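# Descriptive structure summary
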Amino acid sequence: MSAKSFGLDIGRSFIKAVQVEAKNNKKVLMAAVSKQTPSGGIQSESPVDLGKVSDAIKACVDEAKISTDKCVVSLIESQVVARLIQLPTLTDKELAAAINWEAEQYIPLPIKDVFLQYKVVSRPQESSTSGKMDVLLIASPKRVIQKYLNVVRNANLRPEILETESIALVRALTKSEDPATIVVSLGALSSELIIAYGGNVLFTRSIATGGVTLTRAVMAEFNLPQAQAEEYKQTYGILEDKLSGKVAAVLKPILDILISEILKAVEFAHSHVENSQISRIVICGGGAYLPGLPEFLAERTSFEVSLGDAWTDFVKEGLILKLPGQGSFYCVATGLALRR
Ligand SMILES: Nc1ncnc2c1ncn2[C@@H]1O[C@H](COP(=O)(O)OP(=O)(O)OP(=O)(O)O)[C@@H](O)[C@H]1O
Ligand SMILES: [Mg+2]
């Protein structure tokens, strides 16, 4: 990690900037600021909308008093294609030569139009002759990357690295010695399911259900304007003893979609990766604060569920004390800031 760059998460509901510094081998939170994303957001193709996003990023960075213009930026998970593939055991050199050709079979986009990254997740022992290696492939469309670079540069910043949200989240929330974990990141427009093991991303899936889906359901059911529906959701959540469980009754069926996807992801992990017995779920993102969510997920999946906090092993001084409980909201941005 270097304080010479900061993490920038351009969410579809909130833009977040986080700066971390290493002090005597300890991590210190130097800055964490968010700003509401202007309408349209990063998913828009309109130059006017994208200009507003650049302005909001600039306002966020100014307010955070971040001392550098170099940043690490996240790509929305649904914009990239990530696949865990198995290949015969190859040396790094052989893999570099073969990867484009191999990727063509797995990536549903022309290889010439994507920026391809890969990481060896596991390699069998040298003595094994029949073993296969697991390689994580990530393909990001060049058009999307160019859009992000333009938006960030127009905020007078220098984007040094772009990486997917899942990689940032796994860095922020798990350690290599942790048991296999499913990270569920609940954003505004989508939710990301990530299986993490040994500090690596093994699997990702983006589901088009997010905080906005829940708010809209409350608006429709109770005929409420958006702001009030948002307040209902954030206050009552899926607690059965609030408003006679009426809000819970609207939201739980939507969350059941998410739960069935979590269970499918777990199946995938068990069938594809050795020793990947999953025993816990870590939830994060703004939607993770939904009252009653951890208990509901635990009950439906029988896993241990906890609210992810990217700041647990940070020095508890200064800014961190002023932002209690926000280490989940800032997970992606913190993971980006922690990139070495
Ligand atoms: N207490 C709460 N209870 C329920 N939902 C909440 C609460 N606080 C925030 N949210 C929801 O979290 C969402 C915003 O979270 P977040 O900032 O992680 O999204 P984002 O990163 O902007 O979106 P995306 O990742 O989809 O681009 C909103 O939909 C908001 O309704
Ligand atoms: Mg997000």
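Definitions and cut-offs
- Residues numbered from 1 in each chain as written.
- Chains lettered and ligands numbered in written order.
- Predicted model: local features only at pLDDT ≥ 70, side-chain atom pairs only at ≥ 80, totals over all residues.
- Heavy atoms only, no water.
- Axes fitted to C-alpha atoms, helices over the stretch in contact; angles between N-to-C directions.
- Helix = DSSP H or I, 4+ residues; strand = E, 2+ residues; numbered from the N terminus.
- Parallel < 35°, antiparallel > 145°, perpendicular 65-115°, else oblique.
- Contact = heavy atoms within 4.5 Å.
- Nonpolar A, V, L, I, M, F, W, Y, C, P; charged D, E, K, R; others polar.
- Buried < 20%, exposed > 50% of the residue type's maximum accessible area, 1.4 Å probe, protein only.
- Pairing = 2+ DSSP bridges.
- Expected span 1.5 Å × (residues − 1).
- Arc of directions from axis to C-beta.
- Near = heavy atom within 4 Å.
- Polar contact = N/O pair within 3.5 Å; in protein donor to acceptor, adjacent residues only side chain to side chain.
- Areas by Shrake-Rupley, 256 points an atom, 1.4 Å probe, with all protein chains shown as cover.
- Domains from an automatic or database assignment.
- Salt bridge = Lys/Arg side-chain N within 4 Å of Asp/Glu carboxyl O.
- Left-handed = near helix turned anticlockwise from the far one by under 90°.
- Lys, Arg positive; Asp, Glu negative; His and termini not counted.
- Core = buried A, V, L, I, M, F, W, Y, C linked by side-chain atoms within 4.5 Å.

### Structural notes on the packing of helix α5 (residues 211-222) against helix α6 (residues 226-236)
Their axes nearest at 8 Å, the elements α5 and α6 cross at an angle of 110°. In terms of orientation, α5 lies roughly perpendicular with respect to α6. Between α5 and α6, the residues in contact are Gly211, Leu214, Thr215, Val218 and Met219 and Gln226, Ala229, Glu230, Tyr232 and Lys233, respectively. Taken together, the residues of the contact of α5 with α6 sort by class into five nonpolar, three polar and two charged.

### Things to note about the environment of Ser5
Topologically, Ser5 is positioned in the segment before β1 (6-10). Judged by its relative accessible area of 7%, Ser5 is buried. Sequence-distant contacts of Ser5, defined by excluding residues within four places in its chain, comprise Gln19, Thr68, Lys70, Cys71, Val72 and Glu160.

### Looking at the sheet that holds strand β6 (residues 114-122)
Taken in spatial order, the three strands of this open sheet run β5-β7-β6, and their pairing is antiparallel. Looking along the sheet, the strands with just one partner apiece sit at the ends: β5 (81-88) and β6. Across the sheet, the axes of successive neighbouring strands diverge by a mean angle of 25°, strand direction being ignored. Where β5 and strand β7 (residues 132-141) come together, eight bridges link them in antiparallel fashion. By the bridge assignment, Ile85 is partnered in β7 with Val135. Contacts from helix α2 (residues 92-106) reach β5, β6 and β7 within the one sheet, and its direction differs from that of β6 by about 110°.

### Some details on α5
Compared with an ideal rise of 1.5 Å per residue, which puts twelve residues at 16 Å, α5 spans 17 Å between its outermost C-alpha atoms and is within 8% of the ideal. Among the residues of α5, Gly211, Leu214, Thr215, Ala217 and Val218 are the ones counted as buried. Projection of α5 onto a plane perpendicular to its axis shows the buried side chains occupying an angular sector of 155°, all on one side. Exposed residues on α5 whose side chains face more than 90 degrees from its buried face are Arg216 and Ala220.

### So, the site of ligand 1
What surrounds ligand 1 is a group of 21 residues, the closest being Arg12, Ser13, Phe14, Glu230 and Lys233. In this structure, Arg12 approaches ligand 1 through a main-chain N or O atom, which is 2.7 Å from an oxygen atom. A distance of 2.9 Å separates an oxygen atom of ligand 1 from a polar backbone atom of Ala188. Taking 660 Å² as the accessible area of ligand 1 by itself, protein coverage stands at 90%. Mapped by element, the contributors of at least two residues to the shell around ligand 1 are β2 (14-23), α5 and α6. Counted by class, the shell around ligand 1 contains eight nonpolar, nine polar and four charged residues. Residue-level mapping places the shell around ligand 1 at the junction of two domains, with at least three residues from each of domain 1 (6-76 + 143-174 + 309-337) and domain 3 (207-305).

### What about the pattern of salt bridges?
As a working rule, side chains carrying opposite charge can pair if their charged atoms are close by. Applying the stated criterion to the full structure yields 18 salt bridges. With a closest N to O distance of 3.3 Å, Glu261 and Lys264 form a salt bridge. Taken together, the residues span about one helical turn, with Glu261 and Lys264 both in helix α7 (residues 246-272) at a distance of three residues. Residues joined in a network through salt bridges with shared partners are Glu45, Arg143 and Lys147.

### Observations regarding the packing of α7 against helix α8 (residues 293-301)
Following both chains from N to C, one finds α7 and α8 inclined at 50°, their axes separated by 11 Å at the closest point. By the angle class used here, α7 and α8 are oblique. As for how α7 packs across α8, the hand of that crossing is right-handed. Mapping the contact onto sequence places Lys252, Leu255, Asp256, Ile259, Ile262 and Leu263 in α7 and Leu293, Phe296, Leu297, Arg300 and Thr301 in α8. Here the residues of the contact of α7 with α8 are counted per class, giving seven nonpolar, one polar and three charged.

### Quick notes on the side chain of Glu192
If you trace the backbone, Glu192 turns up in strand β10 (residues 191-197). For the buried Glu192, no salt bridge is present, and the opposite-charge side chain at shortest range is Arg12, 4.8 Å distant. One polar contact links Glu192 to Ser190, side chain to side chain, over a distance of 3.2 Å. With residues up to four places along the chain from it excluded, the contact list for Glu192 reads Glu77, Ser78, Glu165, Val183, Val184, Ser185, Arg205, Ser206 and Ile207.

### Things to note about the nonpolar core
With 101 residues, the main nonpolar core has Ile10 and Ile57 as its most contacted residues. The biggest single contributor to this core is α7, with twelve residues. Apart from the residues within four sequence positions on either side, Ile10 is in contact with Ile15, Ile42, Val53, Ile57, Val73, Ser74, Ile76, Tyr148 and Val152. One finds Val81, Ala103, Leu116 and Val135 within the second-largest nonpolar core, a separate group that totals 16 residues.

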